[in-house]
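Next come the chains, spelled out residue by residue.
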Amino acid sequence: MMRLAFLLLLLCSVSLLNAQEIAITFDDAPMEDGVFFSGNERTGKLITELKANNVDQAAFFVITRNIEQNAGLPRLNKYVSAGHVLANHTHRHLWMHQIGTRQYIKDIERAHAILNKINGYSPWFRYPFLNEGHNTGARDSVRAGLKKLGLSNGYVTIDNYDWYINGQVRKAVLAGKKVNEEKLRELYLEHIWNSIQFYNNISEKHLGRSVKHVLLLHENDLAAKFIGDLVKLLRSKGWKIISPTEAYTDPIASEVPDVLFNGQGRVAAIARAKGVPAKELVQESEDEAYLDRLLEDRKVFE
Ligand SMILES: [Zn+2]
């Protein structure tokens, strides 16, 4: 009996030592008005929810062209006043292979110049579509361009299709359908939680540990609605919310894998570089048809 108690104690302390950690980041800010919140309301809601749930710092990756289009400057300032940070997500959010690396780097520089005039800019760059280049030449010239600007890769480790769910909900509401909020909430939380587990399993299996994770969300209505619930869920599972600043101190921040497979985030890319087949590193829910079926099966739209 004593031995069992000791063993349990040991197991508990080991799992405490290894509490999984995750930082929260939102892409494409400041986004347009949604079907549930105006852009401005959404900013207020995100700040309130993060504060109410004691998340001291999240990062907002800014598409600087959105600032003018969506009356975004006061919104960005509000995020910063609330303790959050801004980072670079290019000026126009285009594909590298469509505009070429010279234009692509110019787009990063343009966003960099704009963000430099705003408080709270952290020198991180996140690739639109998480696409770091389709060939090593393009990949490496953009990496060199980032280095010149003093920007580091604002990578993610947890990819998911939150943006697709948000888009389908938007479409449904605009088409006059009614949304079952509770079912939507369940589906959203389950999808994000499954994504976190998927990439954390890869981390434990192929990197030998649970890294300091970086969660990719978008600055959209569903994030504003459910971020508080998501944080509560993560904590209930024993996860710790950390700041993006802390997450990027993980050793994987300087472990740049020599692969073109970067679209699923840094942990998957490192696993790929170790020879893990790509198909094992993409979860089935990162798929539009899969999510359409799920939305239908769960009767999210009435
Ligand atoms: Zn984006």
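Before any of the text, the structure's been laid out above.
Residues numbered from 1 in each chain as written. Predicted model: local features only at pLDDT ≥ 70, side-chain atom pairs only at ≥ 80, totals over all residues. Heavy atoms only, no water.

(A) Region of interest: the pairing of strand β3 (residues 85–88). Of the two faces of β3, the one lined by V85 and A87 and the one lined by L86 and N88 are each fully buried. Judged from the four bridges that link them, strand β2 (residues 59–62) and β3 form a sheet pairing that is parallel. In the strand pairing of β3, F61 is matched with A87. The pairing of β3 with strand β4 (residues 121–125) spans two bridges and is parallel. From the neighbouring strand, L86 faces β4, where its bridge partner is Y121. For the segment spanning β3, helix α5 (residues 96–116) and β4, crossover handedness is right-handed. (Buried < 20%, exposed > 50% of the residue type's maximum accessible area, 1.4 Å probe, protein only. Helix = DSSP H or I, 4+ residues; strand = E, 2+ residues; numbered from the N terminus. Pairing = 2+ DSSP bridges. Right-handed = clockwise from strand over helix to strand, strands pointing away.)

(B) Quick peek at the coordination of the zinc ion. Coordination of the zinc ion by the protein comes from D28 (OD), H89 (NE2) and H93 (NE2), over a distance range of 2.1 to 2.2 Å. Within one chain, the residues donating to the zinc ion are spaced in sequence as D-x60-H-x3-H. Pair noted here: D28 is in strand β1 (residues 21–29) and H93 is in the loop between β3 and α5, with a separation of 65 residues, a long-range link. Given a relative accessible area of 14%, D28 falls into the buried group. Look at H93 and you get buried, because its relative accessible area is 16%. (Donors = N, O, S within 2.8 Å, 3.2 Å for Na, K, Ca; no water.)

(C) The arrangement of empty space enclosed by the protein in detail. Inspection of every chain in the model, using the stated rule, returns one cavity of 30 Å³ or more. As a volume, the largest cavity reaches approximately 90 Å³. When grouped by side-chain class, the residues that make up the lining of the largest cavity number five nonpolar, four polar and three charged. (1 Å grid on protein atoms, 1.4 Å probe; cavity = no way out; pocket = protein on both sides within 12 Å on 5 of 7 lines; lining within 4 Å. Points joined across faces, edges and corners; volume = space filled by probe spheres on them. Nonpolar A, V, L, I, M, F, W, Y, C, P; charged D, E, K, R; others polar.)

(D) Examining the packing of aromatic side chains more closely. Applying the stated criterion to the full structure yields twelve aromatic pairs. When the centroid spacing of 4.9 Å and the interplanar angle of 65° are considered together, the rings of W124 and Y248 count as edge-to-face. Of this pair, W124 sits in strand β4 while Y248 sits in the loop between α10 (244–247) and α11 (266–273); the two residues are 124 residues apart in sequence, bridging distant segments of the chain. With centroids separated by 5.3 Å and ring planes inclined at 45°, the aromatic side chains of Y188 and F226 adopt a geometry described as tilted. On the criterion of sequence distance, the pair formed by Y188 in helix α8 (residues 181–206) and F226 in helix α9 (residues 221–236) is long-range, its members being 38 residues apart. Of the two residues, Y188 and F226, neither departs from the other in class, the shared state being buried. One aromatic cluster in this structure is built from F26, F60 and Y79. One residue, R126, lies across the ring of F61, its end atom 3.8 Å from the ring centre. (Phe/Tyr/Trp six-rings, centres within 6.5 Å; stacked < 30°, edge-to-face > 60°. Lys NZ or Arg CZ within 6 Å of the ring centre and 35° of its normal.)

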